[in-house]
Amino acid sequence: MPTRTSFLLPQIGCPFTVSYHPNGDAVAAASDKWFEGGSYHFTEAKRRRLYGLKAGQLTAYCYNDADDNRLRVVCDFMNILFHLDDLSDNLSTRDTVAFSDVVMNALTSPHAYRIILPSGTKLPEAEPEASRIVRDFWGRCITDMAPSVQARFCENMNAFLKSLEAESKSRSDDSLPSIAEFMPLRRDNSGCRPCFDLLEYSCGIELPDFVMDDPSITLLSDCANDFIALTNDIFSYNVEQSRGDTYNLVVMVMKSFKLDLQGAVHHIGNKCRETLELFQATKASLPSWNVEVDKDVALYIKGLEDWMSGSLHWSLFVSERYFPPSTLKDGVVTLLPQRARSNAA
């Protein structure tokens with residue numbers, strides 16, 4: 001039987017308008033320069049990846065109503081988030097745990113690098129690069145970020161980092177979770193939750209805890225998160241399979257349901273459409289709180305919609321992260337050749 005060399009992307013019609021911040025390109029360029037300037041080891045290969053990623057443009061799609069200053073802060077975070085995700089792919093489980101300590105230390109002590117954590121853990125004497133850039137971003141962000149939003153952001157960043165530790169362990173053990181186990185983990189692993197917290201920051205609002213804890217708001221957030229994660233696993237499959245990475249829903253669906261690659265991609269595409277339908281049905285039956293709260297909730301929900309439409313458009317037509325040149329044409333993805341990958345211990 002011939003080896004499959006391509007697959008067809010599913011038709012995923014996102015009903016939400018794609019909008020772009022009017023100063024998005026200029027703010028994104030400034031953020032890229034900031035990020036590049038903050039690294040001691042910025043090779044030409046890393047520079048190409050940074051400028052091919054276009055994280056700032058993703059931000060401009062997803063936070064298109066923010067003022068320029070807040071957009072810049074969120075752009076900086078988006079560059080950091082992708083950088084943290086990429087770094088963790090090449091770390092052992094033990095190193096991923098140490099890496100998490102460094103990042104959370106920067107968030108809990110933004111104005112000064114601590115060598116000894118409250119837990120007693122000792123960090124490197126010389127401040128790691130990741131700590132410096134996170135403290136730089138966070139120190140600017142918290143100057144006008146509501147306290148409860150700060151708390152949620154830190155909690156969700158900690159969960160994101162813990163999910164990277166779980167992913168690293170899965171790689172080193174050469175094991176995969178079941179689909180039922182994977183999807184709740186993926187909501188943390190996607191990085192969407194801290195990004196959704198920044199929707200409040202970008203709009204200058206602070207939703208009360210009783211609103212954020214309401215089942216309808218939780219469901220809307222989970223639907224947006226799931227849609228972004230599901231489409232991301234389809235889009236990232238090609239690059240990930242080329243490096244031998246199996247921590248992807250496409251692989252898990254093929255294994256669990258005995259489907260070929262195309263069947264698994266279509267299965268996930270159907271899940272994307274179902275998730276969009278659930279989001280819209282939940283939005284249509286949303287409770288009302290009061291005029292001011294309802295106004296802020298509407299801004300938050302628009303942000304979730306912007307994230308779904310913006311990330312979809314950015315992934316397919318803007319960034320080179322998932323589709324290197326000549327790998328996507330007319331909806332057909334040409335598979336990259338596989339290269340060996342060593343499992344970190």
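Read on for an overview of the structure. What you see is a predicted model, and the numbers here were worked out from it, not measured in a lab. (Residues numbered from 1 in each chain as written. Predicted model: local features only at pLDDT ≥ 70, side-chain atom pairs only at ≥ 80, totals over all residues. Heavy atoms only, no water.)

## Re the environment of Asp-233
Note the following rule: Helix and strand assignments follow DSSP, with helices taken as H or I runs no shorter than four residues and strands as E runs no shorter than two, numbered in order from the N terminus. A contact between two residues is defined here by any heavy atoms of the two lying within 4.5 Å.
Within the secondary structure, Asp-233 sits in helix α11 (residues 215–242). Measuring from C-alpha to C-alpha, the distance between Asp-233 and Asn-248 comes to 5.9 Å, with 15 residues separating the pair along the chain. Contacts of Asp-233, omitting those with residues within four sequence positions, involve Phe-182, Arg-186, Asn-248, Leu-249 and Val-250.

## Remarks on the side chain of Asn-64
What counts is decided by this rule: Classification of residues uses two cut-offs on accessible area relative to the type maximum, computed with a 1.4 Å probe and protein chains only: under 20% is buried, over 50% is exposed, and between them is partly exposed. Polar contact is the term for a pair of N or O atoms within 3.5 Å; when the atoms are in protein, one must be able to donate a hydrogen and the other to accept it, and sequence-neighboring residues count only if both atoms are side-chain atoms.
Mapping Asn-64 onto the fold places it in the loop between α3 (55–62) and α4 (68–88). Residue Asn-64 is classed as buried on the basis of its relative accessible area, which comes to 10%. Of the polar contacts made by the side chain of Asn-64, one reaches the backbone oxygen of Tyr-61; its length is 2.9 Å. Polar side-chain contacts of Asn-64 include one of 3.1 Å to the side chain of Lys-302. Setting aside chain neighbours within four positions, we find Asn-64 in contact with Ser-19, Tyr-20, His-21, Pro-22, Lys-302 and Asp-306.

## Notes on the layout of surface pockets
This is how the line gets drawn: Only protein atoms enter the calculation, which uses a 1 Å grid: trapped sets of points that fit a 1.4 Å probe without letting it out are cavities, open sets showing protein on both sides within 12 Å along at least five of seven lines are pockets, and any residue with an atom within 4 Å of a point is a lining residue. Grid points are joined across faces, edges and corners, and a volume is the space filled by probe spheres set on the points. Throughout this entry, Asp, Glu, Lys and Arg are counted as charged residues, while Ala, Val, Leu, Ile, Met, Phe, Trp, Tyr, Cys and Pro are counted as nonpolar. The remaining residues, Gly among them, count as polar.
The volume enclosed by the second largest pocket comes to roughly 390 Å³. Residue lining of the second largest pocket: 15 residues in total, with Arg-152, Asn-156, Asp-197, Met-212 and Asp-213 positioned closest to the centre. Among the secondary structure elements, those contributing two or more residues to the lining of the second largest pocket are α7 (147–173), α9 (192–203), α10 (209–212) and α11. By residue class, the composition of the lining of the second largest pocket is five nonpolar, three polar and seven charged.

## Digging into the sheet that holds strand β3 (residues 332–334)
Keep this limit in mind: Criterion used throughout: strands pair if DSSP finds at least two bridges between them.
Pairing within the open sheet is antiparallel, and its three strands lie in the order β1-β3-β2. Single-partner strands in this sheet number two, and they are β1 (6–8) and β2 (328–329). Bridge count between β1 and β3: three bridges; the pairing is antiparallel. Bridge pairing in β3 links Leu-8 to Val-332.

## Details of the state of the cysteines
Short version of the rule: Pairs of cysteine sulfur atoms within 2.5 Å are what we label disulfides.
All told, the structure shown has zero disulfides when counted by the stated rule. A disulfide-free cysteine, Cys-192 has its sulfur positioned 6.1 Å from the sulfur of Cys-195, the nearest such atom. Looking at Cys-272, it has no disulfide partner, and the nearest cysteine sulfur is the one in Cys-14, 10 Å off.

## Side note on the nonpolar core
Considering soluble globular proteins, one finds that nonpolar side chains tend to be buried as a cluster. The criterion, for reference: Think of a nonpolar core as a cluster: buried Ala, Val, Leu, Ile, Met, Phe, Trp, Tyr and Cys residues, connected wherever their side-chain atoms sit within 4.5 Å.
Tyr-63 and Trp-307 are the most contacted members of the largest nonpolar core, which has 98 residues in total. With residues near it in sequence (within four places) discarded, Tyr-63 still touches His-21, Leu-71, Val-74, Met-78, Cys-195, Leu-198, Leu-199, Ser-202 and Trp-307.

## Some remarks on the pattern of salt bridges
The criterion, for reference: By salt bridge we mean one thing: a side-chain nitrogen of Lys or Arg within 4 Å of a carboxyl oxygen of Asp or Glu.
Going through the model one piece at a time under the given rule, you end up with 28 salt bridges. For Arg-187, the salt bridge goes to Asp-222, with nearest N and O atoms at 3.7 Å. Within this pair, whereas Arg-187 is found in helix α8 (residues 179–189), its partner Asp-222 is found in helix α11, the two being separated by 35 residues in sequence. With its nearest N and O atoms 3.6 Å apart, the salt bridge here joins Asp-245 to Arg-243. What you see here is one network of salt bridges that share partners, running through Arg-187, Asp-188, Arg-193, Asp-222 and Asp-226.

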